[in-house]
Protein chains: 2
Amino acid sequence: MEDLKLHGFWFSPFTMRVVWTLKLKGIAYENIEEDWVNKSPELLEYNPVYKKAPVLVHSGKPICESMIIVEYIDEIWPHYSLVPRDPYERAQARFWVNYADQMVPALFAALYFKCGAGEEKENPTEKIWEHLKVIEDQCLSDKRKFFGGDTINIVDIAFGSLFKVLYTIEDVNEVKVIETEKFPLLHSWFNNFKNVTVIKENFPDREKMSATIKSIIEKALASS
Amino acid sequence: MEDLKLHGFWFSPFTMRVVWTLKLKGIAYENIEEDWVNKSPELLEYNPVYKKAPVLVHSGKPICESMIIVEYIDEIWPHYSLVPRDPYERAQARFWVNYADQMVPALFAALYFKCGAGEEKENPTEKIWEHLKVIEDQCLSDKRKFFGGDTINIVDIAFGSLFKVLYTIEDVNEVKVIETEKFPLLHSWFNNFKNVTVIKENFPDREKMSATIKSIIEKALASS
């Protein structure tokens, strides 16, 4: 087995991206489940800037930031390639990976909205819909099964993990976010994505994930 | 000459990154100076998601987002390489490029602070100093001339353009941001950086840049 350790949280969409990448490529690794409240000294040492997971440690050397880790894995183990080989397609894929990261603040706002922090604010589901509309209209096509075409690429990994969070937002806020009629292509893509065997086998349980994240948010708000 | 067009703003730190990259590599291109108020229909068509410059158009195909463009250029024209070849060093460089992007909101907050929008807010220079301290302590070393070592890499390009903005913030806010005693390594690095011949030749005039950005901010605040 490679000297490969992943520090992460099973319910984190960012950790999920790395897990999916490693599993899709069939790379064995040691999973180190971090405690959200008491992060390990190793994690804090490996990621002194953000003090966040995931961190992948390869032969003692730490790599931080989920999509940087995904590209690193793809460079070291290029089989089942996730980053397009063509420079132009690669740039386009990175553009949408970057767009996925732009969505994150709206997702966090939506998660914290219901739990008491957002009474005076606009409902953040609207902002999420704006993002989904951009993806639906400008990035998807009914001619492709995945963002990557016939197989998954980095864009599927980036958006897939955030879509997993949309379920949690639906559960926490008791609203429908991924409306099928509004976003038929996205709906169809996400069905394709979560039915890929490796993704399905490493797709955290919806109920357990929603309960865990809800509890974390409630504790954070209570102590703030 | 390559069929290569750059839509940008001469005073934009993001456009600067692409200009420096093209000039360092000696690649000829057509410069299309955009009008900040009336962006060209081509720019809006090339970047429908953000409607922002820079956009590099290579043989009719648009690439958006400054650091994605820089990596694209480095892949197509690999001489005077800016992205480290070693996958681990590459991941580290991408981490710091990403960190540079995390600094942008603090820079914008500081620019808009003096011009009337920030009376009730905390002085954003403090936030910028926090970022600079992270870079000073964790990314720099007195053993290296540049972030890239003996030559410039993507981290120098990413931070260099933002440091150019720090001068503008100093002029607009009439404060000292890059304090030599606080950040001796950064101060020394930036001196090395701006003395690289190609950078020096393509370094927008400080006074003109500050005046232009100040005028844009004042107009934006007046119409908001």
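Analysis parameters
- Residues numbered from 1 in each chain as written.
- Chains lettered and ligands numbered in written order.
- Predicted model: local features only at pLDDT ≥ 70, side-chain atom pairs only at ≥ 80, totals over all residues.
- Heavy atoms only, no water.
- UniProt positions renumbered as here; feature names shortened; annotations may be inferred.
- Helix = DSSP H or I, 4+ residues; strand = E, 2+ residues; numbered from the N terminus.
- Pairing = 2+ DSSP bridges.
- Axes fitted to C-alpha atoms, helices over the stretch in contact; angles between N-to-C directions.
- Contact = heavy atoms within 4.5 Å.
- Domains from an automatic or database assignment.
- Buried area = accessible area lost by both parts, 1.4 Å probe.
- Salt bridge = Lys/Arg side-chain N within 4 Å of Asp/Glu carboxyl O.
- Polar contact = N/O pair within 3.5 Å; in protein donor to acceptor, adjacent residues only side chain to side chain.
- Least-squares fit on C-alpha atoms with pLDDT ≥ 70 in both.
- Nonpolar A, V, L, I, M, F, W, Y, C, P; charged D, E, K, R; others polar.

Novice: Any chance you could break down the UniProt feature "domain: GST N-terminal" (unreviewed entry) in chain A for me, citing the residues and the numbers?
Specialist: Mapped onto this numbering, the UniProt entry annotates "domain: GST N-terminal" (unreviewed entry) at residues 2-81 of chain A. Measuring from the first to the last C-alpha atom of residues 2-81 of chain A gives 19 Å, for a span that is 36% helix and 21% strand.

Novice: An account of the sheet that holds strand β1 (residues 4-8) of chain B is needed here, citing residue identities and associated values.
Specialist: Residues and elements named next belong to chain B. What the 4 strands build is an open sheet, ordered β2-β1-β3-β4; its pairing is mixed. Whereas interior strands pair on both sides, the edge strands pair on one side only; in this sheet they are β2 (30-33) and β4 (61-64). Pairs of neighbouring strands in the sheet enclose a mean axial angle of 20°, with direction left out of account. Here 4 bridges tie β1 to strand β3 (residues 55-58), and the two strands are oriented antiparallel to one another. In the strand pairing of β3, His 7 is matched with Val 55. Contacting β1 and β3, helix α1 (residues 13-24) runs over the sheet at an angle of about 150° to β1.

Novice: Please provide a residue-by-residue account of the domain arrangement of chain A, values included.
Specialist: Residue and element names in this part refer to chain A. For chain A, the domain assignment lists domain 1 (4-76) and domain 2 (87-222). Carbon and sulfur atoms make up 78% of the area that domain 1 and domain 2 hide from each other, which totals about 1,800 Å². Summed over the three residues of domain 1 that lose the most area to domain 2, namely Trp 10, Arg 17 and Trp 20, the buried surface amounts to 37% of that side. The salt bridge involving Arg 17 is made with Asp 101; its shortest N-O contact spans 3.6 Å. Counting every contact that joins domain 1 to domain 2 gives 5 residue pairs in polar contact (both at pLDDT 80 or more). Listed by contribution, the elements that provide at least two residues to the side of domain 1 that touches domain 2 are α1 (13-24) and α3 (66-76). Take the side of domain 1 that touches domain 2: its biggest share by element is 9 residues, from α1.

Novice: Explain the relation of the copies chain B and chain A residue by residue, including any values.
Specialist: Least-squares fitting of chain B to chain A yields an RMSD of 0.0 Å, with the transformation described by 0.0 Å of translation along the axis and a rotation of 180°. Interpreted geometrically, this transformation is the action of a two-fold axis. Closest to the rotation axis within chain B is the C-alpha of Asn 98 of chain B, separated from it by 5.1 Å. Both copies contact each other with a shared surface, as 100% of the interface residues of chain B are interface residues in chain A too.

Novice: An account of the environment of Thr 212 of chain B is needed here, citing residue identities and associated values.
Specialist: Residue and element names in this part refer to chain B. By the secondary structure assignment, Thr 212 is in helix α9 (residues 206-222). Spatially, the C-alpha atoms of Thr 212 and Trp 10 are 10 Å apart, while their sequence positions differ by 202 residues. The residues contacting Thr 212, other than those within four sequence positions of it, are Trp 10 and Phe 11.

Novice: Kindly report on the environment of Asp 74 of chain B, identifying the contributing residues and their values.
Specialist: Residue and element names in this part refer to chain B. With respect to the element layout, Asp 74 can be found in helix α3 (residues 66-76). For Asp 74 and His 58, which are 16 residues apart along the polypeptide, the C-alpha to C-alpha distance reads 13 Å. Setting aside residues no more than four positions away along its own chain, Asp 74 makes contact with Lys 25, Tyr 80, Ser 81, Leu 82 and Val 83.

Novice: Which residues make up the interface of chain B and chain A, and what are the values?
Specialist: Between chain B and chain A, the contact holds 27 residues from the first and 27 residues from the second. Of the roughly 2,400 Å² buried between chain B and chain A on both sides combined, carbon and sulfur atoms contribute 63%. There are 6 salt bridges connecting chain B and chain A. Between Arg 94 of chain B and Glu 75 of chain A there is a salt bridge, and its shortest N-O distance comes to 3.1 Å. Across the chain B-chain A interface, the total number found is 8 residue pairs in polar contact (both at pLDDT 80 or more). Here the element with the most residues in the side of chain B that touches chain A is helix α4 (residues 87-117) of chain B; it accounts for 11 residues. Residues belonging to the side of chain B that touches chain A are distributed by class as follows: 16 nonpolar, 5 polar and 6 charged.

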